[in-house]
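Reading the structure
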Amino acid sequence: MNRLFEQINIRSVEIKNRIMLSPMCQYSSSDGKINNWHLIHYGSRAVGGAGIVMVEATAVAPDGRITPADLGIYYDDISGYKNLTDFISSTGSIPAIQIAHAGRKGAVRPPWSGDKPIAIEDGGWRTVAPSAIPFDNNWPLPKELDHADIKSIIELFGKGAVRAVKAGFKIVEIHAAHGYLIHQFLSPVSNKRDDNYGGTYNNRIRFLLEIVDKIRDSIPSDIPLFVRISATDWLNDGWSINESVKLAEILKKHGIDLIDVSSGGIKPHVKIPAVRGYQVPFSEAIRKTGVLTSAVGMIDDAEYAEEIIEKGYADVVAIGREMLRNPYWPLNAAYTLKETVKWPLQYIRSSVKSSPKGVG
Ligand SMILES: Cc1cc2nc3c(=O)[nH]c(=O)nc-3n(C[C@H](O)[C@H](O)[C@H](O)COP(=O)(O)O)c2cc1C
């Protein structure tokens, strides 16, 4: 059997294979609410055979959104999400959600509308950050969070996670990567605080650890908790892979089950050597601490995904853009690797044909 299609059990969750839809913002929400786009988009990837369908960065508060079109997990009415998780679960896939706060990178327009900050009078909002340092030239100055603000955001993450579990998500992922609020605390590039949330390594990781503890205390112990990190800022004076390895060891002790290993995002215009599997070595280094990892980034073909799992570079592969292009990537990967997997009954007559690509 190919390792890519081996089941993996994390806490009480049985995941049918090692393929995760990487979280990807759809910028398709209105007022943070889920709609048919999300149902069809995530539903298709579940039908396509992903072991885990990770829903995009979903804000824990309205001012934690990246754009006004982001999803939010800040309403007590979770019926729309329940509808989605019921459907994903019915396909045999595991519904998961990434919860997030954008911090100083929030209040921007969706990519197809220019990706630029929105003035408050045009529907933007005052952003927040560990330190009053804008993301880029001509970006608004974020408000430096005080201790009461920090405590309340930690509470918001706890509440968001509780709602997510209530809505039927079987895995919660904390977004601590890509230059968003938690990463802004981790990185010395954006965190210039001189209190117990800044300066030393232990101070910079404190905000994340308090969020992790809050969530672990708030959700059932059988629910896996993932953290996505940027393993490196790709900057000499930034967050580094060594700091990430050390963080993984600490996060494991705080009840984190898997580190989803990405990179970059703390500053614009940083040169990132984006080639096939460019972040896989970070996953490999972090996995050596004994924590489960997910590798992501230009993992587009089945044989390479299999190699990553087989060689022990990661426990799970997250597929991003390739699964936007092809929602049936896992079923096609099984075909390529000559693996027998369960197809949706509705598609069974096509699974025996020579080219499963015909299903798409
Ligand atoms: C449209 C789009 C939206 C994304 N949104 C998120 C997100 O919500 N959360 C996140 O952690 N990463 C996000 N990412 C990054 C992807 O999850 C993934 O890490 C990245 O695209 C590299 O993987 P790939 O080469 O397989 O696409 C996004 C990427 C794209 C293309």
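Each chain carries its own residue numbering, running from 1 in the written order of its sequence. Confidence filtering applies because this is a predicted model: local features only for residues at pLDDT of at least 70, side-chain atom pairs given and counted only at 80 or more, and all residues used for totals across whole chains, interfaces and linings.

1. Side note on the overall build of the chain
In plain terms, the rule: Helix and strand assignments follow DSSP, with helices taken as H or I runs no shorter than four residues and strands as E runs no shorter than two, numbered in order from the N terminus. Buried residues are those with 20 or more other C-beta atoms within 10 Å of their own C-beta, exposed residues have 12 or fewer, and partly exposed residues lie in between; C-beta atoms are placed from the backbone. Note on contacts: each residue gets a C-beta atom placed from the backbone, and two residues are in contact if those atoms are within 7 Å.
Across its full length, the chain holds 12 helices and 12 strands. For the C-alpha atoms alone, the extent of the chain along its principal axes is close to 60 × 40 × 40 Å. Counting all 360 residues of the chain, 49% fall into the buried class. Counted over contacts in the chain with a minimum sequence separation of 6, partners at least 24 positions apart contribute 71%.

2. Examining the site of the ligand
This is how the line gets drawn: Residue proximity rests on one test: whether the C-beta atom, placed from the backbone, lies within 6 Å of the molecule or strand. Classes in brief: Ala, Val, Leu, Ile, Met, Phe, Trp, Tyr, Cys and Pro nonpolar; Asp, Glu, Lys and Arg charged; the others, Gly included, polar.
Taken together, 20 residues form the shell around the ligand, and within it Ser22, Met24, Ala57, Gly320 and Arg321 come nearest. For the shell around the ligand, the secondary-structure elements that each account for two or more residues are β4 (52–59) and α10 (321–325). Counted by class, the shell around the ligand contains 9 nonpolar, 7 polar and 4 charged residues.

3. Looking at the nonpolar core
Inclusion rule: Nonpolar cores are identified as sets of buried Ala, Val, Leu, Ile, Met, Phe, Trp, Tyr and Cys residues joined via C-beta atoms within 7 Å.
Formed by 99 residues in total, the largest nonpolar core has its most connected members in Ile52, Val53, Ile99, Val172, Ile182, Ile259 and Val317. Other than its neighbours up to four places away in sequence, Val172 contacts Ile97, Ile99, Ala161, Ala164, Val165, Ile215, Ile219, Ile223 and Leu225.

4. Here we look at the sheet that holds strand β10 (residues 258–262)
Heads up, the condition is: Here the rule is simple: two strands pair whenever DSSP picks up at least two bridges between them. A fitted line through C-alpha atoms serves as each axis, taken over the contacting stretch for helices, and the angle formed by two N-to-C directions is quoted from 0 to 180°.
The 8 strands lie next to each other as β3-β4-β5-β8-β9-β10-β11-β12, forming a closed barrel whose pairing is parallel. In this sheet, adjacent strand axes meet at a mean angle of 25° when their direction is disregarded. Both strand β8 (residues 171–176) and strand β9 (residues 225–230) contribute to a ladder of 5 bridges, which runs parallel. In the sheet register, His175 faces β9, and the bridge partner there is Arg228.

5. Some remarks on the pairing of strand β5 (residues 94–100)
The two faces of a sheet get side chains in turn, since along a regular strand they alternate between them. To keep things clear, this is the line we draw: Throughout, right-handed denotes a crossover for which the path from the first strand over the helix to the second runs clockwise when the strands point away from the viewer.
Where burial is concerned, most of β5 is hidden: 7 out of the 7 residues are buried. Because side chains alternate across β5, one face comprises the buried residues Ile94, Ala96, Gln98 and Ala100, and the other comprises Pro95, Ile97 and Ile99, equally buried. When β4 meets β5, the two strands line up parallel, connected through 7 bridges. Its bridge partner lying in β5, Ile52 is registered against Ile94. Remark: the β4/helix α2 (residues 79–90)/β5 crossover connection has right-handed handedness. As judged from the 4 bridges shared by β5 and β8, these two strands associate in the parallel manner. Residue pairing across strands places Ala96 opposite Ile171, the latter belonging to β8.

6. Let's talk about the environment of Gly49
Examined against the element boundaries, Gly49 turns out to sit in the loop between α1 (36–47) and β4. Sequence separation between Gly49 and Tyr74 is 25 residues, and the spatial gap between their C-alpha atoms is 29 Å. Beyond its immediate chain neighbours, meaning those up to four positions away, Gly49 contacts Tyr328, Pro330, Leu331, Ala334 and Val341.

7. Observations regarding the packing of helix α3 (residues 147–166) against helix α6 (residues 206–218)
To characterise two packed helices, one gives the angle between the axes of the helices and the distance between these axes. Let me state the cut-off plainly: Note: crossing handedness is left-handed where the near helix turns anticlockwise from the far helix by less than a right angle, and right-handed where it turns clockwise.
At a minimum axis distance of 9 Å, the contact between α3 and α6 shows a crossing angle of 40°. Two packed elements cross with a definite hand, and for α3 against α6 that hand is right-handed. Contacts between α3 and α6 pair Ile150, Ile154, Phe157, Gly158, Ala161 and Val162 from the former with Phe207, Glu210, Ile211, Lys214, Ile215 and Ser218 from the latter. By residue class, the composition of the contact of α3 with α6 is 8 nonpolar, 2 polar and 2 charged.

8. What to know about the packing of α1 against α2
Here is the rule we go by: Any angle from 65 to 115 degrees is called roughly perpendicular, while one under 35 is roughly parallel, one over 145 is roughly antiparallel, and all others are oblique.
Contact geometry of α1 with α2 gives a least axis separation of 9 Å together with a crossing angle of 20°. One element, α1, and the other, α2, form an angle in the roughly parallel class. Between α1 and α2 lies a crossing of right-handed hand. Between α1 and α2, the residues in contact are His38, Leu39, Tyr42, Gly43 and Ala46 and Asn83, Leu84, Phe87 and Ile88, respectively. Partitioned by chemical class, the residues of the contact of α1 with α2 number 6 nonpolar, 3 polar and no charged.

9. Brief notes about α1
Note the threshold: Take the residue count of a helix, subtract one, and multiply by 1.5 Å to get its expected span.
Its 12 residues place the ends of α1 16 Å apart at the C-alpha level, agreeing with the 16 Å of an ideal helix rising 1.5 Å per residue. Considered for burial, the residues of α1 that qualify are His38, Tyr42, Gly43, Arg45, Ala46 and Val47. Where α1 is buried, its residues meet β3 (19–21), β4, α2 and α10. Once α1 finishes, Gly49 follows within two positions and takes phi at roughly 105°, a positive value.

This is a description of form; function is not addressed.
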